[in-house]
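Secondary and tertiary structure notes
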Amino acid sequence: MLEHGGNLRDATLRFGRSDWLDLSTGLNPRWYPAPALPGNAWHRLPEASPELAAAAQACYGAPLMLPVAGTQAAIQALPRLRGPSRVTVAAPSYAEHAHHWHGHGHTLTQTPYAELDAAIARSDVVVVCNPNNPTGATVPAAQLLAWAQQLAARGGWLVVDEAFGDTAQHNSVAAHSGQPGLIVLRSVGKFFGLAGIRLGFVAAHADLLRDLADLLGPWTISGPAQHIALAALHDRAWQADTHAYLHAEGARLAALLASHGIASTGTPLFQWWAEPQPEAFWQHMAERGVWVRLFREAARGIRLGLPPDEAGWRRLESALKEWTDK
């Protein structure tokens, strides 16, 4: 199993403390306030909800969407829906994509973002995180749609992971996902801060969504998750306020890092940089109770998310000052 952020149990076992400022996940630290649940949310089998799919389609601007148990469920399932294919995954990016396409008879190539255009002609499937996790790199929507058309013309797929796309909806291609060959993934966990309900959506052509639903089986989304997500997806006032909050806090984080000589890139939810001494930085922060995301390989560097409150901001700034004063 690959390593991910949010692993505070591991942090506690390793460093012997529990008072963590967890900046390792890139989740909105002000999560959507979940409404009270009706009693039958725990009692009834959670059959598929047309209302949930419709709410997601309205929120994300997609013609059709399938709810899944987090985008991770789709990432693991999509490679099983094709015969052996030449697969290009943009790199560096969310490691689960390459991990799961590296199997089921597929031939995997990991390609830098700058070289993706040249890779389209020699690929059957191309996977792009947009914006990218962890670097924040983006590909313009027009370029993605051109690639999707080239791939679809020979039965190929363009998979666009927009898990962090809520703060850059203008660059989303979800509205075009009804055309064959374009598959878009959206996550409820990041923007809404609700990773614990394990919910995401896949936007794609109806035939592909039908095949994916058959593969994943019945009762994939719990009743409580459906109830909470419906409220969140319909709450446009909260979404608008949260957009403003995240953009302001994201700019604050980038400015704080810059004030300590760190030139970072990212999104309103996180910042990343190619730290020259990533293991030492990670160790330094952990010893001060600040849990950040260490990338040891392709995206070698550090990613950190937003503090939840002013005490968290002060704690982060103090740890950064001690690092730069060394």
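Our subject is the structure listed above.
The rules behind the values
- Residues numbered from 1 in each chain as written.
- Predicted model: local features only at pLDDT ≥ 70, side-chain atom pairs only at ≥ 80, totals over all residues.
- Heavy atoms only, no water.
- Helix = DSSP H or I, 4+ residues; strand = E, 2+ residues; numbered from the N terminus.
- Rg over C-alpha atoms; globule rule 2.2 N^0.38 Å.
- Buried < 20%, exposed > 50% of the residue type's maximum accessible area, 1.4 Å probe, protein only.
- Contact = heavy atoms within 4.5 Å.
- Areas by Shrake-Rupley, 256 points an atom, 1.4 Å probe, with all protein chains shown as cover.
- Lys, Arg positive; Asp, Glu negative; His and termini not counted.
- Charge placed at Lys NZ, Arg CZ, Asp CG, Glu CD.
- Disulfide = S-S within 2.5 Å.
- Pairing = 2+ DSSP bridges.
- Phe/Tyr/Trp six-rings, centres within 6.5 Å; stacked < 30°, edge-to-face > 60°.
- 1 Å grid on protein atoms, 1.4 Å probe; cavity = no way out; pocket = protein on both sides within 12 Å on 5 of 7 lines; lining within 4 Å.
- Points joined across faces, edges and corners; volume = space filled by probe spheres on them.
- Nonpolar A, V, L, I, M, F, W, Y, C, P; charged D, E, K, R; others polar.
- Salt bridge = Lys/Arg side-chain N within 4 Å of Asp/Glu carboxyl O.
- Core = buried A, V, L, I, M, F, W, Y, C linked by side-chain atoms within 4.5 Å.

Thoughts on the overall build of the protein chain
- Regarding its fold elements, the protein chain presents twelve helices and 13 strands.
- In terms of C-alpha radius of gyration, the protein chain reaches 20 Å, essentially the compact-globule figure of 20 Å for 326 residues.
- Expressed along its principal axes, the backbone C-alpha trace of the protein chain runs to roughly 55 × 55 × 35 Å.
- Out of the 326 residues in the protein chain, the part that is buried amounts to 53%.
- Excluding contacts between residues fewer than 6 apart, the proportion of contacts in the protein chain whose partners are at least 24 apart in sequence is 71%.
- Just so you have it, the protein chain exposes about 14300 Å², and 54% of that area is on carbon and sulfur atoms.
- Within the protein chain, one finds 25 positive and 28 negative side-chain charges whose respective centroids are separated by 3 Å.

Some thoughts on the state of the cysteines
- For the structure shown, the criterion picks out zero disulfides.
- Free cysteine cysteine 59: the closest other cysteine sulfur is in cysteine 129, separated by 20 Å.
- Overall, cysteine 59 belongs to the buried group, its relative accessible area being 18%.
- Judged by relative accessible area, cysteine 129 falls into the buried class, the value being 3%.

Let's talk about helix 11 (residues 278-287)
- Along helix 11, the residues classified as buried are Pro278, Phe281, Trp282, His284, Met285 and Ala286.
- Structurally, helix 11 contributes buried residues whose contacts are with helix 1 (8-15), strand 10 (270-273), strand 11 (290-291), strand 12 (293-295), strand 13 (301-305) and helix 12 (310-324).
- The first or second residue beyond helix 11 is glycine 289, which carries a positive phi of 75°.

Considerations on the pairing of strand 8 (residues 200-203)
- Covered by surrounding structure in strand 8 are Gly200 and Val202 together with Phe201 and Ala203, the residues of both alternating faces.
- In terms of strand pairing, strand 2 (residues 65-68) meets strand 8 through four bridges, oriented antiparallel. Each residue of the ladder has a partner; that of methionine 65, found in strand 8, is alanine 203.

Details of the packing of aromatic side chains
- Within the structure shown, the criterion is met by 14 aromatic pairs.
- Judged by centre distance (5.7 Å) and plane angle (70°), the ring pair of phenylalanine 15 and tryptophan 282 falls under edge-to-face. Pair noted here: phenylalanine 15 is in helix 1 and tryptophan 282 is in helix 11, with a separation of 267 residues, a long-range link.
- With relative accessibility at 21%, the residue phenylalanine 15 sits in the partly exposed group.
- Tryptophan 282 gets classed as buried once you look at its relative accessible area, which sits at 7%.
- Seen in terms of ring centroids, phenylalanine 191 and phenylalanine 192 are 5.1 Å apart; in terms of plane orientation they differ by 85°. Their pairing is edge-to-face.

What about empty space enclosed by the protein?
- By the definition in use, this model includes two cavities of 30 Å³ or more.
- Residue classes in the lining of the largest cavity are distributed as two nonpolar, five polar and one charged.
- Lining the second largest cavity, in full, are Ala74, Ile75, Leu78, Pro79, His97, Trp101, Val127, Val159 and Leu185.
- Those elements that provide at least two residues to the lining of the second largest cavity are helix 4 (71-77) and helix 5 (95-101).
- A class-by-class count of the residues in the lining of the second largest cavity yields eight nonpolar, one polar and no charged.

Observations regarding the pattern of salt bridges
- Counted under the stated rule, the structure contains twelve salt bridges.
- Among the ionic pairs, arginine 210 bridges to aspartate 207, the shortest N-O distance being 3.0 Å. With arginine 210 and aspartate 207 both in helix 8 (residues 206-216) and three residues apart, the pair spans about one turn of that helix.
- For arginine 210, a relative accessible area of 48% puts it in the partly exposed group.
- Measuring nitrogen to oxygen at the nearest pair gives 3.8 Å for the salt bridge that ties glutamate 287 to arginine 288.
- Judged by relative accessible area, glutamate 287 falls into the partly exposed class, the value being 46%.
- A single network of salt bridges, built from pairs that share partners, joins Arg17, Asp19 and Arg315.

Focus on the nonpolar core
- Of all hydrophobic cores here, the largest spans 74 residues; its most connected members are Tyr60, Val128, Leu158, Phe192, Phe201, Leu233 and Leu316.
- One finds Val68, Ala73, Leu185 and Leu209 within the second-largest nonpolar core, a separate group that totals 22 residues.

Structural notes on the environment of glycine 193
- Among the structural elements, glycine 193 can be located in the loop between strand 7 (182-187) and strand 8.
- Glycine 193 sits 161 residues away from tyrosine 32 along the chain, and the two C-alpha atoms are 6.4 Å apart.
- Sequence-distant contacts of glycine 193, defined by excluding residues within four places in its chain, comprise Asn28, Trp31 and Val188.

Function cannot be inferred from these measures alone, as they are strictly geometric.
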